[in-house]
Amino acid sequence: MTVFKRLLPRSLFGRWLVLLVAPVVVLQALLTYIFYERHWDAVTRRLGLGLAGEISVVIATRENNSDPAVLADLMWQMDRALEIDITFEPDRDFPANIPAPRRYSILDRMLAQALSERVSQPYMIDTQRNDRTVVIYVKLPDALMTVTAPENRIFSTSTYAFVLWMAAASVVLLGIAVLFLRNQIKPIRRLAEAADAFGKGRDIADFRPAGAEEVRAASRAFLAMRDRIRRHIRERTEMLAGVSHDLRTPLTRMKLQLSMMPADPEVDELKRDIDEMEKMVGAYLAFARGQSEQPAEPTDLGNLIAELADDVRRRGRELQIDIESNLTLPLRRLSFKRALSNLIENGLRFGRRVQLSVTRMANRVEIRIEDDGPGLPEKERHKVFRPFYRLDQARHGSGNVGLGLTIARDAVLAHGGEIALGQSPMGGLMVTIRLPV
Ligand SMILES: Nc1ncnc2c1ncn2[C@@H]1O[C@H](COP(=O)(O)OP(=O)(O)OP(=O)(O)O)[C@@H](O)[C@H]1O
Ligand SMILES: [Mg+2]
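Residues numbered from 1 in each chain as written. Chains lettered and ligands numbered in written order. Predicted model: local features only at pLDDT ≥ 70, side-chain atom pairs only at ≥ 80, totals over all residues. Heavy atoms only, no water.

### Quick word on a nonpolar patch on the surface
Rule in force here: Residues enter patches when they are more than 30% accessible in relative terms and free of salt bridges; like-charged ones are connected within 9 Å and nonpolar ones (Val, Leu, Ile, Met, Phe, Trp, Tyr) within 5 Å. Each accessible area is a Shrake-Rupley result for a 1.4 Å probe, and residues are judged covered by the shown protein chains and nothing else. Every case where a carboxyl oxygen of Asp or Glu lies within 4 Å of a side-chain nitrogen of Lys or Arg is listed as a salt bridge. Secondary structure elements are defined from DSSP: runs of H or I of at least 4 residues count as helices, runs of E of at least 2 residues count as strands, and each element is numbered from the N terminus.
Taken together, the side chains of Leu12, Trp16 and Leu19 make up a nonpolar region of the molecular surface, amounting to roughly 290 Å² of accessible area. Its location among the elements puts Leu19 in helix α2 (residues 12–64).

Okay, here's the thing in structure tokens:
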């Protein structure tokens, strides 16, 4: 069973093709075997016996009738009615250059058998001539008898035609099957691609459910599911955006009121708290906004990264940059810049040195952001992408809410890319972003 499974093609197209073609091939092989082995053997034997019988009649007539006129008349009749040319050459032996009979030739085998049955004199057969004739030599006591007969007198060529027709028919059948299957598979493949793209957070265009009823039902169900998920996400982000936005106004008011109060350690502490809350509200808003973004435009990646490096320098830190060549990619500039800046921000917070490198591959661009901080243990690497997830949950007062990586991943996926966390040779975390080009 496992062998069978391994032999079966992996794609649906391949499997259906096997399902369609295998029975036809088996049937044809069976038919060909029956026809070739049984029928063709029998026909060739019949024809061979016929010719051998005619030869033996001629030999007997010649023995019993010494009248040359009778014999000449018989020869003439044979030639006219049966297309067999017979000559007698007195005291001649077998010619020397007769090829040996072919072992696997039905014609050779059957003719030899028939001659052994019907003719008692020694004989030799030459079936390998190029003029579509077969020559049989029979050694008579006083002469060599040479019989030349057309090949089709003793050999049916319709079997070749039969096999050829069958092969041609199956090729046509295969062609039709391939065309038909292609059309059946297309909607399934499209559904799989759409589901895959949607699962990766990419935007998918509407597609019309097509194909067989079952496939159409699956497509419709998928589209309904997609709409529901979209609505769900939209409602959630709208709510988050609304709350964050509404909180900003009272926060600004509080800040203003505090700035008018006399200097006091307690007031300073309040100011710090409000700053932190503003940062957090800003992060929520950024997350909520990330979902509804502008379309991608050709963007110079080097330029964008230089801007990021400037921002870092303004804060008195350094970003090491390693870019191979200048690259222009279709990017949603704001969201992609925010993604990179979130990652750089993390690196600066956890490490002393942060490096950003860009490598151009055959069909993608790889962006790596590495630091020399403590890194992340393997089992934490997929958790940190969750919204509001932080390793140091207990440590408050930093204004970090745990959305940085979530926002970065959403942005990368929306660009059709991938993001992965790993261990950097620098010692800390390595974030790898792969973008298709
Ligand atoms: N470069 C890094 N080195 C070590 N740990 C990291 C690194 N980057 C992120 N982490 C861990 O992953 C967690 C989630 O990161 P994320 O950027 O999503 O949130 P945050 O930095 O805590 O908050 P925010 O980015 O929203 O201000 C962090 O709290 C931290 O524990
Ligand atoms: Mg962060």
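So that's the structure; there's more coming.
### Some points on the sheet that holds strand β2 (residues 123–126)
Applicable threshold: For two strands to be treated as a pair, DSSP must find no fewer than two bridges joining them. Every axis in this analysis is a line fitted to C-alpha atoms, fitted for helices over the stretch in contact. Angles between the N-to-C directions lie between 0 and 180 degrees. In what follows, a contact means two residues having at least one pair of non-hydrogen atoms within 4.5 Å.
What the 4 strands build is an open sheet, ordered β1-β4-β3-β2; its pairing is antiparallel. The sheet is open, and its two borders are formed by β1 (85–90) and β2, each paired with just one other strand. Ignoring which end each strand starts from, the neighbouring axes of this sheet average 15 degrees apart. Sheet analysis places β1 next to strand β4 (residues 143–150), joined by 6 bridges and oriented antiparallel. Looking at the pairing, Ile86 lines up with Val147 of β4. Where α2 meets the sheet, it contacts β1, β3 (133–139) and β4, and its direction lies at approximately 145 degrees from that of β4.

### A word on the packing of aromatic side chains
The line we're drawing: Within 6.5 Å between ring centres, the rings of Phe, Tyr and Trp (the latter by its six-membered ring) count as paired, and their orientation is classed by plane angle as stacked under 30 degrees, edge-to-face over 60, tilted in between. Burial classes: relative accessible area under 20% of the type maximum marks a residue as buried, over 50% as exposed, and values in between as partly exposed (1.4 Å probe, protein chains only). Counting as a charge over the ring demands two things of the Lys NZ or Arg CZ atom: a distance within 6 Å of the ring centre and an angle within 35 degrees of the ring normal.
Overall, the coordinates contain 3 aromatic pairs when judged by the stated rule. Each ring, one from Phe198 and one from Phe222, has its centre 6.1 Å from the other, and the planes form 85 degrees; the classification is edge-to-face. Of this pair, Phe198 sits in helix α5 (residues 158–199) while Phe222 sits in helix α6 (residues 213–259), placing them 24 residues apart in sequence. On the basis of relative accessibility, which here comes to 17%, the residue Phe198 falls in the buried class. Summarising the aromatic geometry, the rings of Phe207 and Phe222 are spaced 6.4 Å apart at their centres and angled 25 degrees between planes, so their arrangement reads as stacked. Within this pair, whereas Phe207 is found in the loop between α5 and α6, its partner Phe222 is found in helix α6, the two being separated by 15 residues in sequence. The rings of Phe198, Phe207 and Phe222 are connected pair by pair, giving a single aromatic cluster. Directly above the aromatic system of Phe88 lies the positively charged group of Arg62, at a separation of 4.4 Å from the ring centroid. It is Arg386 that lies over the ring of Tyr389; its NZ or CZ is 6.0 Å from the centre.

### Some remarks on the domain arrangement of the protein chain
Put simply, the test is: As annotated, the domain borders come from an automatic or database domain assignment.
According to the domain assignment, the protein chain contains domain 1 (11–156) and domain 2 (294–436). Computed from C-alpha atoms alone, the centre-to-centre distance between domain 1 and domain 2 is 85 Å.

### Quick word on the pattern of salt bridges
Applying the stated criterion across every chain, the model contains 23 salt bridges. For the salt bridge of Arg333 with Glu307, the shortest nitrogen-to-oxygen distance reads 2.6 Å. Separated by 26 residues along the polypeptide, Arg333 in helix α9 (residues 333–350) and Glu307 in helix α8 (residues 301–314) bring together distant segments of the chain. Under the relative-accessibility criterion, Glu307 is labelled partly exposed at 27%. Across the salt bridge formed by Asp310 and Arg313, the nearest N and O atoms sit 3.0 Å from each other. Separated by 3 residues within a single helix, Asp310 and Arg313 lie in helix α8, roughly one turn from each other. According to the relative accessible area criterion, Arg313 is partly exposed, its value standing at 45%. A single network of salt bridges, built from pairs that share partners, joins Arg364, Glu366, Arg368, Glu418 and Arg434.

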